[in-house]
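Here's the letter readout for the chains.
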Amino acid sequence: MSAILNVEGITKRFGGLQALTKVTFDLPEGQILGLIGPNGAGKTTLFNVINGIYSPEEGRVHFRGKDITGHKPYHLSRMGLARTHQIVRPLNGLTVRENVTAGACFGRENQKLGRAVQIADEVLEFIGLAERAEQLASSLNVAQKKRLEMARALASRPYLLLLDEVLAGLNSSEIDGMIAIVRKIRDQGVTIIMIEHVMKAVMNISDRIIVLDYGQQIAEGTPQQVAADTRVIEAYLGDPKLAERLMKEE
Amino acid sequence: MAILEIRDVTSGYGEVQILWGAGLTLEENKLTCLVGANGAGKTTLLRTVMGLLRPWSGSILFEGKDFSRVPAHTKAEMGLVLVPEGRQLFTDMTVVENLEMGATNRRSRPKFKDNLERVFEMFPRMKERANQKAGTLSGGEQQMLAVARGIMAEPRVLMIDELSLGLAPLLVLQLFDSLKQLKKTGITILLVEQNVQMALAVSDYGYVLSQGRSELEGPTRQLMDNQHVRTAYLGL
Amino acid sequence: MKNWLNPGLWFTLLLIALLGIWPILGQNAAAREVIFTVLLSVVFASSLNILLGYTGYVSFGHIVFYGLGGYIGMFLIERYNVSLWIATLAGGAAAALLAFLLGKAILRLRGAYFALATIGINEAMRAFVNNFAPFGGPTGIELKFQVYKAYGGAAQALWLTYYTIFALAILVVLVSFFIKQSKFGLSLMAIREDEDTAEVMGVVTPNAKTWAYVLSAILPGMVGVLFFFKNGNVEPGDAFRLHFSIENLVMVMLGGQGTVLGPVLGAVGYQRLRGFLLTNPVFKNIQLSVAGALLLLIVLFIPAGAVGWLRNRLPRLRKVLP
Amino acid sequence: MGNSGLITSLVDGVLIGVIYGLAAMGMTLIWGVMSVINLAHGSVIALGMFGIYLLFTSLGLNPYLALILVAILGLLLGVIIYSIAIHRVVNASHLSTLLATFSVNMIVIGLGTAIFSTSPRNVNYSLGNLTLGPVTLLNARLVAALAAVLVTSALYLFLYRTRLGKYVRAVANNRAAAELMGIPSAQILALSFGLGTMLAAIAGGLIATFFPFTILSGGVYELKSFVIVVLGGLGNPLGALAGGLILGMLESIIPIFLPNTWVPVLEFLLFVLILLVRPSGLFGVKK
Amino acid sequence: TPAATPTPTAVVTEAPTEAPVATEAPTQPPPPVEKTAVIGFTASLTGKLNVESTRQNDGLKLWMDQVNAAGGIPLADGSVVKFESKFYDDESNKDRVQELYTKLATEDKADFLISPYSSGLADAAAVIAEQYGKVMITTGAASDATYKKGYALVYQSYTPASHYLTGALDQLASLDPNIKKIAIVYENEKFSVSVVEALKAYAEGKGYEIVLYEGYDTGTTDFGPLLNKIAEAQPESIMGGGHFQDGSTFAKQLFDKQVAVKYLALLVAPPEPSFAELGDAALGVIGPSQWEPLAAFTPDFGPTGVELVDAYTAAFGEDPSYHSAGGYVAGLILQKAIETAGSLDTAAIKAALDGMDMMTFYGRIKFDTSAEAHGLQIGHDMVYIQWQKDAAGALVKQVVWPTAGATAPALFPLR
Ligand SMILES: Nc1ncnc2c1ncn2[C@@H]1O[C@H](COP(=O)(O)OP(=O)(O)OP(=O)(O)O)[C@@H](O)[C@H]1O
Ligand SMILES: Nc1ncnc2c1ncn2[C@@H]1O[C@H](COP(=O)(O)OP(=O)(O)OP(=O)(O)O)[C@@H](O)[C@H]1O
Ligand SMILES: [Mg+2]
Ligand SMILES: [Mg+2]
């Protein structure tokens, strides 16, 4: 298995704030990589660097063997890199189908409009939004908007999919549904990086996990290794005893 | 005593009806939670209670007085405070200025200093980021700020829409813990949560909203123990 | 293609055809002049809509293309005696070129900043032309009455400009319809809704915006030539009149931005309203205030514009009224 | 050109620039707070001019006393315009307010022309001259400039030092959130619009004390205000003052080197250039 | 015969309710067939040209009321023609001028057209007049260019722009032959530019030194920068200006800044009665005028100056300005042409206009008939007025040039 993405020594600053410090990892094709860490650790910033929204102060990003550091987001989309947004950003004035069609039109395959509509309908069926296709995106609820983000990204037929907290705000059955979808996408051969705070999901689904804290990689490994890492527990997961106490206390 | 009573409220967006008769009662100094599937209408209910949406019918009583036609800002002045879905921060203002804006009502102003200390203690990250523009905070940091700003208002009733959204597990634990502390300081809390298990665990009383109707209610213990509730409404 | 069957398109075309043919049938010159004014705004407003309604960029100073086109056309006719047709094409080309060059620079700006920049460009252009000797400076360019002889006299020339603007009005509807139905149109609407997201989705935003700007500039450049040819002269104050630019914005908004029919309805409605009030004995002394008050009522009660209002009321119309 | 010429030009530039700044301040306030591009701005400036004129000619009021009345009337007018024309659409699509203010402008100009015609008026009240070395100044201009600076400082203190002022900024940033914090946003918006209108009316009134005017005269200042608002950064009152000063200086210095009619060419080119290089204005914080 | 024509002024003094034609006729013939001719034009009811346009409109209205009250104009076929006007608001801009003139020419069946105020608007209207074969008398449209475009039916009642300030230069030369330095400062707009271009050529031909030749934009209210430039250039005389507002503002600020100058002549503004509102700043300012109530021409057609002033003041409560006179004289020209032609036929009226050479209260009227400049006014000349103080110290207008018509010697030097 070859690496689809190589991140080497990425450093990103905002004024005096060091949001990322020398982040380095390789991502083999076909895997799901979990990206976790406390709030403000730099996870979303890392996505923004990978897909060209920010250029890093140091370091390089290679995607499918090509150096893509500083490339514009739209070039990367054409090259097969898609993402969802932590705070959903549907194209509110367009219908659900139009949203997804746009994804297909301008994504990797750069489809003609007619074909793009077909793809959009397939993807909507797959993601479970088919009956809402004619609705305006603005009228969807939170869970549906998350699905729409996914659908739009998928319609671009990416090689690599960056998912930023697609499970946040979903109830547990919705979460289960979404996890199933993510698995299916992976099974179709798409590589995935997933930022998530819902532990039962990340631990379940990731092949590997990277933990960021204050912009630094503090741990890396299989879900089991990471979950057992004391630094991770201290900085991120919290003492299991605290949870127990909370539940018990009257 | 019931501090806030919502009776049979209907409401919606434009011509689309979302709430079909929702009701709940908040007992003073209790932590009540409201759960329900995505799209059940929880956010819509909070917005209606707060006055951001006009109730089509039904009544909302605050300390026994009808409250349904009172505009949002008057409610806030009276001590009904909402930490809204989507956070609604003053993105161009700094963290501290946001917190200041939280403390605009008459009761909160004199306590500004104390409250500021209290929220900085709850969210040390906010102290670190005190002079950063709210719009550039990370998702979770923004959530912290929204909750902190709500607390700054010295609320009588604090309604929080999706407290744990986007927060790291450790922080979620700490936050639920803090809620219990808050309750002790005399704040009545209405919590909307997707993390049902945790929410029910810390709350005193619970409501289940389904398709715009209040389907079930009861002390949280009872709800947790009811197998039917667990599978049908809580997805556990 | 099934796009051709869209009833909304045919309705819009029919509306323009009926309007346009009315003066021709009766060879009624007064009607012709009235409809000329209306069609001019149909073309201008619909073009503006490509930028404003589809792409979400507000151009206050769109009149700069009309003015520049008009000047280039008049210059060629007066100085080099070229035919009206070539002048009109040249006016459109000049406007397109200006839009292309400007687009690269000012389309980086968003929202109000872009709107302001377009005002700045227009005012700078007006002030420049006012100082630019080859274009006659403040005196502008005048055509000899002789010029119309080549078209069979002034009467014939006025009819010819009318046929031309009629054709352009049909063209603008087709263009705005097919843009809206195309992949290009989709990219514009994605930009309108959320430019950053559009970029992440793979829309090459700088190019798409620039082409939208260019497309929205060409026809105004061409009608500028027609209008000033018909007037027989052009001066900086008339060519770059900011107020007219804003009026066209108003028409787009009145009819419903982002739709094909909207700007057409808006232009017809606004121009006819003004025309009626101007010539109505009861209102003509305070026509401006009456027009303002009516406009305000419309804005307050149907802020989405006529077509937007219909589409919101009857969602089924969304498909029918593009 | 000699030194004295340069000094005279600079002084002239400063005096007129402050007034430009004041005229723009109303626009920047309304824009910053509610993203309303107020196309009725010019007509309100003109109304301010006529306010002074009418109070002076028909009631014989001292123009500077009249200014206080004009300010109050301006505030009221703004609140009325807001309640009738703006409030309903302030949350509707971004451009609806543009149309609304455009209509208000049509109404005011239409009625104004019907009542006053467009013949120029003069407030015939002189404070005399002041000669300092090579520079001869109209006292009326000095007083106007001083008044403008005073009004600006008052506005600044109001926005940044008072609670109400902070509310205005909060509403400007996020109206829904302000409402949730207990800030009566509708009233704040009406107040802001009223303040913006008041500033425009004051500026108009001051201009009337030394320039002749017609009901259409406001248009020029409206256009200049657009430029100034950008120079100073949207919503920034001090920036507007600085922007006005810059514009005033440009207008008095450029003619020293070039024909007068090139002033607007350079002025607007510079404007576009600044937009491109520093869209947040010369004094705005860079994003 | 001209004597049989009831002149409008004669009627005003009679009882207007009586039908003059009926009472004058000794043998009670059947009343003549009455025709109505429609005169169409646009006026600037709104927009920047509102004031001048309104006065022009009032002048025309006065003429029409007088003719109608006098029973109309008898034609050769025994009928009489009365007039009716149709006009619309052109909003002081060109957008709808052609639309409205076409409506006037076709739907409203106007028989004759009068131009809108201002050269720019008149230009747009002229195309339509020409196209529909309607005679158009222009007034308030001085720019020479319009009449050099090859029109056959457009006739100018104003002295062309190129002659506006040349007379001032003649006057200056007679006042002080030693003055050589002139600053020409003008509104950068069509009409004013055509005036000062002619002035500049004329002055250079006479050996004057133009120390400053500079335009300012329409709508300028702050002349500070320009005044500083003028002060630097140290001219002895300043000429130029543009329209009322900029001209009066310029005069005022020139005075406030105490710029020293011996001779100041400005376009358009000084002849306006309200120029006096400037107070001391108006004193000594000279301006070219198409017409002045003081100017004592002996008309061979129409009312005298005094009669016109009385009638106008009675009707509108203010003194007529030269724009008012322009409106009136446009009607008068039409009247004379119809009387001469004896019909409403365009060709006959055109012939009458081409051959016209008459003296009115307004001065001489005669048109160029050459192919290059058909319709250009060549009979009429400007008079130059100056604001002076009367014995009581009030500001009054005096005609100071040409000396033949002067009512007072010029106040010179200015300061
Ligand atoms: N544009 C910016 N300017 C200044 N600071 C920024 C900017 N964007 C992000 N930051 C800061 O950088 C840090 C990392 O932010 P980032 O959004 O990457 O966090 P995150 O790991 O995604 O957190 P969360 O889980 O809360 O979403 C945060 O502390 C944030 O405040
Ligand atoms: N602005 C809107 N316009 C139209 N429909 C809306 C709007 N906002 C929400 N809805 C609809 O109202 C319904 C209820 O939404 P609401 O946000 O109240 O649910 P919720 O219980 O808070 O869900 P979640 O847990 O996902 O936040 C959803 O079906 C949604 O599609
Ligand atoms: Mg994040
Ligand atoms: Mg919700």
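Residues numbered from 1 in each chain as written. Chains lettered and ligands numbered in written order. Predicted model: local features only at pLDDT ≥ 70, side-chain atom pairs only at ≥ 80, totals over all residues. Heavy atoms only, no water.

## Notes on the site of ligand 1
Okay, so step 1: Residues in contact with ligand 1 amount to 22 residues; listed here are only the nearest, Thr44 and Thr45 of chain A together with Ser138, Gly140 and Glu141 of chain B.
Okay, so step 2: Residues within reach of ligand 1 are spread across chains A and B.
Okay, so step 3: Gly140 of chain B is positioned with one of its backbone polar atoms (N or O) 2.5 Å from an oxygen atom of ligand 1.
Okay, so step 4: Secondary structure elements with two or more residues in the shell around ligand 1: strand S2 (17–28) and helix H1 (43–50) of chain A together with helix H6 (139–152) of chain B.
Okay, so step 5: Residue composition of the shell around ligand 1, by class: six nonpolar, 12 polar and four charged. (Near = heavy atom within 4 Å. Polar contact = N/O pair within 3.5 Å; in protein donor to acceptor, adjacent residues only side chain to side chain. Helix = DSSP H or I, 4+ residues; strand = E, 2+ residues; numbered from the N terminus. Nonpolar A, V, L, I, M, F, W, Y, C, P; charged D, E, K, R; others polar.)

## As for the coordination of the magnesium ion (ligand 3)
Residues and elements named next belong to chain A.
Okay, so step 1: Within the protein, the magnesium ion (ligand 3) binds to Thr44 (OG1) and Gln86 (OE1); these donor distances fall in the range 1.9 to 2.2 Å. In this pair, Thr44 is assigned in helix H1 and Gln86 in the loop between strand S6 (81–83) and helix H3 (96–106), connecting sequence segments 42 residues apart.
Okay, so step 2: Judged by relative accessible area, Thr44 falls into the partly exposed class, the value being 24%.
Okay, so step 3: Since its relative accessible area comes to 16%, Gln86 is described here as buried. (Donors = N, O, S within 2.8 Å, 3.2 Å for Na, K, Ca; no water. Buried < 20%, exposed > 50% of the residue type's maximum accessible area, 1.4 Å probe, protein only.)

## Concerning the coordination of the magnesium ion (ligand 4)
Octahedral metal centres with six donors ideally show angles of 90 or 180 degrees, and tetrahedral centres with four donors ideally show 109.5 degrees.
Residues and elements named next belong to chain B.
Okay, so step 1: For the magnesium ion (ligand 4), the full set of protein donor atoms is Thr43 (OG1) and Glu85 (OE), at a range of 1.8 to 2.2 Å. Within this pair, whereas Thr43 is found in helix H1 (residues 42–50), its partner Glu85 is found in the loop between strand S6 (80–83) and helix H3 (95–102), the two being separated by 42 residues in sequence.
Okay, so step 2: Exposure remark for Thr43: the relative accessible area of 18% places this residue in the buried category.
Okay, so step 3: The class of Glu85 is partly exposed, set by a relative accessible area of 32%.

## Quick notes on the packing of H3 of chain A against helix H4 (residues 113–127) of chain A
Any two packed helices are characterised by how steeply their axes cross, that is the angle between the axes, and by the distance between the axes.
Residue and element names in this part refer to chain A.
Okay, so step 1: Two numbers describe how H3 lies on H4: the axes approach to 8 Å, and their chain directions differ by 115°. Two packed elements cross with a definite hand, and for H3 against H4 that hand is right-handed. Taken together, the residues of H4 that come into contact with H3 (itself represented by Val96, Arg97, Val100, Thr101, Ala104 and Cys105) are Leu113, Ala116, Val117, Ile119, Ala120, Asp121, Val123 and Leu124.
Okay, so step 2: Classifying every residue of the contact of H3 with H4 by side-chain character gives 11 nonpolar, one polar and two charged. (Axes fitted to C-alpha atoms, helices over the stretch in contact; angles between N-to-C directions. Left-handed = near helix turned anticlockwise from the far one by under 90°. Contact = heavy atoms within 4.5 Å.)

## Looking at the side chain of Lys397 of chain E
Residues and elements named next belong to chain E.
Okay, so step 1: Topologically, Lys397 is positioned in strand S15 (residues 395–401).
Okay, so step 2: Reaching out from Lys397, the side chain makes a polar contact with the backbone oxygen of Pro271 at a distance of 2.4 Å.
Okay, so step 3: Here Glu292 takes part through its side chain, which lies 3.1 Å from a polar atom of the side chain of Lys397.
Okay, so step 4: Those residues in contact with Lys397 that sit more than four places away from it in its chain are Pro270, Pro271, Glu292, Leu294, Ile385, Gln386 and Trp387.

## Some remarks on the interface of chain C and chain D
Okay, so step 1: Of the residues lining the interface, 43 residues belong to chain C; the matching set on chain D comes to 38 residues.
Okay, so step 2: On inspection of chain C and its partner chain D, the count reaches zero salt bridges.
Okay, so step 3: One can count four residue pairs in polar contact (both at pLDDT 80 or more) joining chain C with chain D.
Okay, so step 4: For the side of chain C that touches chain D, the element with the most residues is helix H5 (residues 111–131) of chain C, which contributes 12 residues.
Okay, so step 5: Classifying every residue of the side of chain C that touches chain D gives 32 nonpolar, seven polar and four charged. (Salt bridge = Lys/Arg side-chain N within 4 Å of Asp/Glu carboxyl O.)

## Points about the site of ligand 2
Okay, so step 1: Taken together, 17 residues lie near ligand 2, and Ser139 of chain A together with Lys42, Thr43, Thr44 and Gln194 of chain B sit nearest.
Okay, so step 2: Residue neighbours of ligand 2 fall on chains A and B, so the site bridges chains.
Okay, so step 3: Ser139 of chain A is positioned with one of its backbone polar atoms (N or O) 2.6 Å from an oxygen atom of ligand 2.
Okay, so step 4: Contact between ligand 2 and Thr43 of chain B: an oxygen atom at 2.5 Å from a side-chain N or O atom of the residue.
Okay, so step 5: A total of 640 Å² of accessible area belongs to ligand 2 in isolation, and the protein chains cover 81% of it.
Okay, so step 6: In terms of residue count, the dominant contributor to the shell around ligand 2 is H1 of chain B (three residues).
Okay, so step 7: Residue composition of the shell around ligand 2, grouped by class: six nonpolar, eight polar and three charged. (Areas by Shrake-Rupley, 256 points an atom, 1.4 Å probe, with all protein chains shown as cover.)

## Considerations on the packing of aromatic side chains
Okay, so step 1: Counted under the stated rule, the structure contains 53 aromatic pairs over all chains.
Okay, so step 2: Plain terms: the ring middles of Tyr53 of chain D and Phe213 of chain D are 6.0 Å apart, the flat faces sit at 85° to each other, and that makes the pair edge-to-face. On the criterion of sequence distance, the pair formed by Tyr53 of chain D in helix H2 (residues 41–59) and Phe213 of chain D in the loop between helix H8 (185–208) and helix H9 (218–232) is long-range, its members being 160 residues apart.
Okay, so step 3: Members of the aromatic cluster, joined through ring pairs, are Tyr71, Phe75, Tyr80, Phe128, Phe132, Phe135 and Phe240 of chain C together with Trp262 of chain D.
Okay, so step 4: The side chain of Lys180 of chain E reaches across the aromatic face of Tyr208 of chain E, ending 4.6 Å from its centre. (Phe/Tyr/Trp six-rings, centres within 6.5 Å; stacked < 30°, edge-to-face > 60°. Lys NZ or Arg CZ within 6 Å of the ring centre and 35° of its normal.)

## Comments concerning the domain arrangement of chain A
Residues and elements named next belong to chain A.
Okay, so step 1: Examined at the domain level, chain A breaks down into domain 1 (3–80 + 159–248) and domain 2 (88–157).
Okay, so step 2: Measuring from the centre of the C-alpha atoms in domain 1 to the corresponding centre in domain 2 gives 24 Å.
Okay, so step 3: If you look at the interface, domain 1 gives 18 residues, while domain 2 gives 13 residues.
Okay, so step 4: Together, the buried faces of domain 1 and domain 2 total about 1400 Å²; carbon and sulfur atoms form 65% of this surface.
Okay, so step 5: Of all residues in domain 1, the largest losses of buried area upon contact with domain 2 belong to Arg78, Met178 and Ile181, amounting jointly to 35% of the total for that side.
Okay, so step 6: For the interface between domain 1 and domain 2, the tally reads one salt bridge.
Okay, so step 7: Glu174 is the salt-bridge partner of Arg147, the closest N and O atoms lying 3.1 Å from each other. (Domains from an automatic or database assignment. Buried area = accessible area lost by both parts, 1.4 Å probe.)

## Focus: the interface of chain C and chain E
Bring the parts together and some accessible area is lost; that lost area is often taken as the interface size.
Okay, so step 1: The interface of chain C with chain E comprises 39 residues on the first partner and 36 residues on the second.
Okay, so step 2: Of the roughly 3200 Å² buried at the junction of chain C and chain E (both faces included), carbon and sulfur atoms supply 50%.
Okay, so step 3: On the surface where chain C and chain E come into contact, there are eight salt bridges.
Okay, so step 4: Elements that contribute at least two residues to the side of chain C that touches chain E include exactly helix H2 (29–55), H5, helix H6 (153–180), helix H9 (205–231), helix H12 (261–279) and helix H13 (287–301) of chain C.
Okay, so step 5: Class assignment of the residues belonging to the side of chain C that touches chain E gives a composition of 14 nonpolar, 14 polar and 11 charged.

## Quick notes on the pattern of salt bridges
Okay, so step 1: Using the criterion set out here, one finds 64 salt bridges over all chains in the structure.
Okay, so step 2: Taking the shortest distance from any N to any O, the salt bridge between Asp357 of chain E and Arg364 of chain E comes out at 2.9 Å.
Okay, so step 3: Classification of Asp357 of chain E as partly exposed rests on a relative accessible area of 42%.
Okay, so step 4: Through salt bridges that share partners, Glu142, Glu235 and Asp238 of chain C together with Lys94, Asp123, Lys149 and Lys190 of chain E make up one connected network.

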